[in-house]
Amino acid sequence: LVVVPNQWALRPEPGFQIKPTSPEAYRLLLADVTVFPEEPPGLEPVKLPGDLLWTWNVKNWEPDGSPFRPPLSGQHVAAHLRLREMRGFSNPDVNDTADRHVREGVLFRAYSDAGEDEAVFSGDPAWGQQTRQVLYERFLAALGNPGDPTDPGRAVLPALLFGDRAYLTDSQTDLFAKASLSHSLALSGLHLSFMAGLGWMLARLLCRLFPGLMLRLPRTKWAVLCAAPLVLSYLWLGGLSPSLLRAALMFACWGVFVLLDRPHPLLDGLAAAVLMLFLADPLIIFDLRLQLSALCVLAIGLTLPAVSQLSLRLVPRMNSNLIAKGRAKSRFQGALQARLRNLARGGLTLICISAAIQLALTPIQADVFNQATPWFVLNLLWLPVLSAWVFPWAVLGLALCAVPGLSLPASWALSLAAFPATWLFSLLN
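If you're wondering where the values come from, they're calculated on a predicted model, not measured in any experiment. (Residues numbered from 1 in each chain as written. Predicted model: local features only at pLDDT ≥ 70, side-chain atom pairs only at ≥ 80, totals over all residues. Heavy atoms only, no water.)

**Student:** Whenever I open this one, the overall build of the chain confuses me. Can you help?
**Tutor:** Along the chain, the regular secondary structure elements total 13 helices and 9 strands. The burial tally for the chain puts 41% of its 429 residues in the buried class. For the chain, restricting intrachain contacts to residue pairs at least 6 apart in sequence, the fraction spanning at least 24 positions comes to 72%. In the structure as shown, the chain presents an accessible area of about 23,100 Å², 63% of it carried by carbon and sulfur atoms. (Helix = DSSP H or I, 4+ residues; strand = E, 2+ residues; numbered from the N terminus. Buried < 20%, exposed > 50% of the residue type's maximum accessible area, 1.4 Å probe, protein only. Contact = heavy atoms within 4.5 Å. Areas by Shrake-Rupley, 256 points an atom, 1.4 Å probe, with all protein chains shown as cover.)

Right, dumping it as structure tokens:
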């Protein structure tokens, strides 16, 4: 069969791999596909009623001696393929990805190998995709060799920022799965919340430098406004994956309720986002990814008030009047002690919230994937490091990559981001 789509769109799948050099396989999602049957001759072209998922092995792709470059959204592709109906394995009572694909309108799939099948790309990709690819190549150049076995932490950074897990080996991926840390590698609302956290830190810095801003809006609302462009940027970096789109919708609903001074913006935003998703696609309630995301946010919204009160009881605030009346040295010691108390409360809150999320997700993971591990407690160690150290340095390194002439400081920032992940691999081993 010759498959010639009039237009095609590329949407990331879970574990989707995209990088400028040749991995072993790509998963491409083609839309608006027209089929020209080869036999018997004389048959009219047929427009497929759904999308086509194409798994393409390009390990030996070197038709002109140049490395393989993946097609981007907005381009056209013509290929010889044998189409199959979308079906999964006969494996009852576990998660069936074929059902999810069919619900999303992906009704066909195809497999091919480079050298046995021909594929021709034409047309110009979308501007956003081209810009993202250029930025990714600069990022890889500053990162160095992400496949270096002596420094496996570098392979984590492409997965965190671009969703590219191609540099992670099977053994490394298995280590994360056994430790119940796989969700930290997949583009999801977890990483989007890290970007929102950077927006909150930016708002605190601006309000500290320009206190008059708080006379116009509370600091919480400034945090929403500062986080919005960062969230949109990460949504673009992640290729507009469905999980990130859902998380961005939840963030948008939460931000609107914060700006409207609603008393419970997190739970109200979650309910509004799930309702909007259900009205747009009622079958989405069966999507496991939405169920897990909504349950995470629900666990945070229900436990955060109690955890905040508990942290204040265990680590009470210091009296600021006593600090102000003391001598200069005492004031310095008091301010330092107050900072340490704030850090202690924040760390305690983060640990309790992480534990609540893991306890809420473990029954679903055991039921759907038929596995559960006691090592989910490692999330209490890894997620604080990921959010407070790895992700901020990785984002800073990526921002420096976008500026010509700053590749060296970008490489330093990415090295700082990678070494805790390397330590984690050593610990898991």
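Picking up after the structure, the text goes on.
**Student:** It is not clear to me how the nonpolar core should be interpreted in this structure. Could you clarify?
**Tutor:** Soluble globular proteins: nonpolar side chains tend toward being buried together. Within the largest apolar cluster, 53 residues are counted, with the highest numbers of intra-cluster contacts made by F139, L157, L161, F162, F176, Y234 and W382. Those elements that provide at least two residues to this core are helix 2 (127-143), helix 3 (156-162), helix 4 (170-178), helix 5 (189-209), helix 6 (219-237), helix 7 (242-259), helix 12 (379-401) and helix 13 (407-428). The element that contributes the greatest number of residues to this core is helix 12, accounting for 10 residues. Listed in part, the 16 residues of the second largest apolar core include V35, L48, W54 and A110. (Core = buried A, V, L, I, M, F, W, Y, C linked by side-chain atoms within 4.5 Å.)

**Student:** Help me understand unusual backbone geometry, please; the structure alone is not making it clear to me.
**Tutor:** A negative phi angle characterises most non-glycine residues, just as the trans form characterises most peptide bonds. The backbone of D32 sits at a positive phi, close to 55 degrees, despite the residue not being glycine. Following the sequence through the fold, D32 ends up in the loop between strand 2 (25-30) and strand 3 (33-36). For D261, which is not a glycine, the phi torsion comes out positive at approximately 60 degrees. By secondary structure assignment, the location of D261 is in the loop between helix 7 and helix 8 (265-280). Overall, D261 belongs to the exposed group, its relative accessible area being 56%.

**Student:** Honestly, the sheet that holds strand 7 (residues 84-85) in this entry has me stumped. Any pointers?
**Tutor:** Sheet strands pair by backbone hydrogen bonding; their relative direction is either parallel or antiparallel. The strand order across the open sheet formed by 4 strands is 2-5-8-7, and the pairing between neighbours is mixed. Strands at the two margins of the open sheet, each flanked by one partner only, are strand 2 and strand 7. As defined by bridge partners, strand 7 adjoins strand 8 (residues 106-113) across 2 bridges and the pair is classed as antiparallel. Each bridged residue has a counterpart across the sheet, and for E85 the counterpart in strand 8 is F108. (Pairing = 2+ DSSP bridges.)

**Student:** Would you mind showing me how to read a nonpolar patch on the surface here?
**Tutor:** A cluster of nonpolar side chains, L275, F278, L279, L283, I285 and F286, forms an exposed patch at the surface whose accessible area comes to about 590 Å². Structurally, the position occupied by L283 is in the loop between helix 8 and helix 9 (288-314). Take L283: its relative accessible area is 42%, and that puts it in the partly exposed class. (Patch = residues over 30% accessible without salt bridge, like charges linked within 9 Å, V, L, I, M, F, W, Y side chains within 5 Å. Salt bridge = Lys/Arg side-chain N within 4 Å of Asp/Glu carboxyl O.)

**Student:** Help me understand the side chain of R345 in this model?
**Tutor:** Inspection of the secondary structure puts R345 in helix 11 (residues 328-369). With no salt bridge to any partner, buried R345 finds its closest opposite charge in D261, at an N-O distance of 22 Å. Of the polar contacts made by the side chain of R345, one reaches the side chain of N342; its length is 2.2 Å. Excluding anything up to four places from it in sequence, R345 contacts S311, L312, V315, P316 and R317. (Lys, Arg positive; Asp, Glu negative; His and termini not counted. Polar contact = N/O pair within 3.5 Å; in protein donor to acceptor, adjacent residues only side chain to side chain.)

**Student:** In this structure, what is going on with the side chain of D151? I would like to understand it.
**Tutor:** Mapped onto the fold, D151 is located in the loop between helix 2 and helix 3. What makes D151 buried here is its relative accessible area of 17%. In terms of polar contacts, D151 uses its side chain to reach the side chain of T422, at 2.6 Å.

**Student:** Would you explain the environment of N57 in this entry?
**Tutor:** Along the chain, N57 turns up in strand 5 (residues 51-57). Distance in space between the C-alpha atoms of N57 and D113 is 4.6 Å, their sequence separation being 56 residues.

**Student:** Help me out: how do you make sense of the packing of aromatic side chains in this one?
**Tutor:** Given two aromatic rings, one states the distance between the centres and the angle between the planes to describe the pair. Evaluation of the coordinates by the stated rule reveals 11 aromatic pairs. Look at F251 and W254: their rings are 5.7 Å apart centre to centre, the planes differ by 45 degrees, and that puts the pair in the tilted class. A residue pair is termed a helical-turn pair when its members lie 3 or 4 positions apart in one helix, as F251 and W254 do in helix 7 at 3 residues. Taking the relative accessible area as the measure of exposure, F251 reaches 15% and is therefore buried. Under the relative-accessibility criterion, W254 is labelled partly exposed at 24%. (Phe/Tyr/Trp six-rings, centres within 6.5 Å; stacked < 30°, edge-to-face > 60°.)

**Student:** What am I meant to see in the packing of helix 5 against helix 7 here?
**Tutor:** Between two packed helices, the angle of one axis relative to the other and the distance separating the axes together describe the packing. For the pair helix 5 and helix 7, the least separation of the axes is 9 Å and the interaxial angle reads 45 degrees. Here helix 5 is positioned oblique relative to helix 7, judged by the angle of their axes. Where helix 5 crosses over helix 7, the two elements pack in a sense that is right-handed. Note on element contacts: helix 7 touches helix 5 through L244, A247, A248 and F251, opposite G189, L192 and A196. Its residues placed into classes, the contact of helix 5 with helix 7 shows 6 nonpolar, 1 polar and no charged. (Axes fitted to C-alpha atoms, helices over the stretch in contact; angles between N-to-C directions. Parallel < 35°, antiparallel > 145°, perpendicular 65-115°, else oblique. Left-handed = near helix turned anticlockwise from the far one by under 90°. Nonpolar A, V, L, I, M, F, W, Y, C, P; charged D, E, K, R; others polar.)

**Student:** When you look at helix 13 in this model, what are you seeing that I'm missing?
**Tutor:** Every α-helical turn comprises 3.6 residues, leaving residues that sit three or four positions apart pointing alike. A rise of 1.5 Å per residue sets the reference length of helix 13, with its 22 residues, at 32 Å; its end C-alpha atoms lie 31 Å apart and thus fit the reference within 8%. At A418, helix 13 shows its maximal kink, close to 25 degrees; a proline, P420, follows between one and four residues later. Turning to helix 13, its buried residues number three or more, namely A410, A413, L414, A417, A418, P420, A421, T422, L424, F425 and L428. (Expected span 1.5 Å × (residues − 1). Bend = angle between axes of the 7 residues up to and from the residue.)

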